[in-house]
Amino acid sequence: MTDGPPELPSNRRSGAFERRVARSLDAYLTADEPVVVACSGGPDSLSALVATTRSRPAGSVIAACFDHQLRPVPETEADIALVAEVAGRL
């Protein structure tokens, strides 16, 4: 597991979550298998994206922005932009 980009800091709680994610992924996947993370832009899916990316080899995580189509288009577009920004930083 890496510390990740300095722009996306980690703390004790996020580090513990990242370790749990890493253990779970390691139990089912080999290090070279790609992982797709469905990310709507909310805090839970962004946390899952960051934790998964920090626990896998570089280039093995794919962020898939998922639109539930439950909110107005401007909000959805902002979420898509946020996911793209975070994924780009990772």
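Now for a description of the structure that goes with this document. Predicted, not measured: the structure shown is a model, and the values here were computed from it. (Residues numbered from 1 in each chain as written. Predicted model: local features only at pLDDT ≥ 70, side-chain atom pairs only at ≥ 80, totals over all residues. Heavy atoms only, no water.)

Observations concerning the environment of Arg89
- Tracing the backbone through its elements, the reader meets Arg89 in helix H3 (residues 73-89).
- Looking at Arg89, the relative accessible area reads 31%, which means it is partly exposed.
- For the pair Arg89 and Val50, spaced 39 residues apart in sequence, the C-alpha separation works out to 9.9 Å. (Helix = DSSP H or I, 4+ residues; strand = E, 2+ residues; numbered from the N terminus. Buried < 20%, exposed > 50% of the residue type's maximum accessible area, 1.4 Å probe, protein only.)

Thoughts on unusual backbone geometry
- The backbone of Gln69 shows a phi angle near 55°, a positive value even though the residue is not glycine.
- Following the sequence through the fold, Gln69 ends up in the loop between strand S2 (61-65) and H3.
- Residue Gln69 is classed as exposed on the basis of its relative accessible area, which comes to 67%.

Observations regarding the pattern of salt bridges
- Under the counting rule described, the total for this entry stands at five salt bridges.
- Residue Arg71 is joined to Glu75 by a salt bridge in which the shortest nitrogen-to-oxygen separation is 2.8 Å.
- Among the residues examined, Arg71 registers a relative accessible area of 44% and is labelled partly exposed.
- What emerges from the salt-bridge pattern is a single network uniting Arg71, Glu75 and Asp79. (Salt bridge = Lys/Arg side-chain N within 4 Å of Asp/Glu carboxyl O.)

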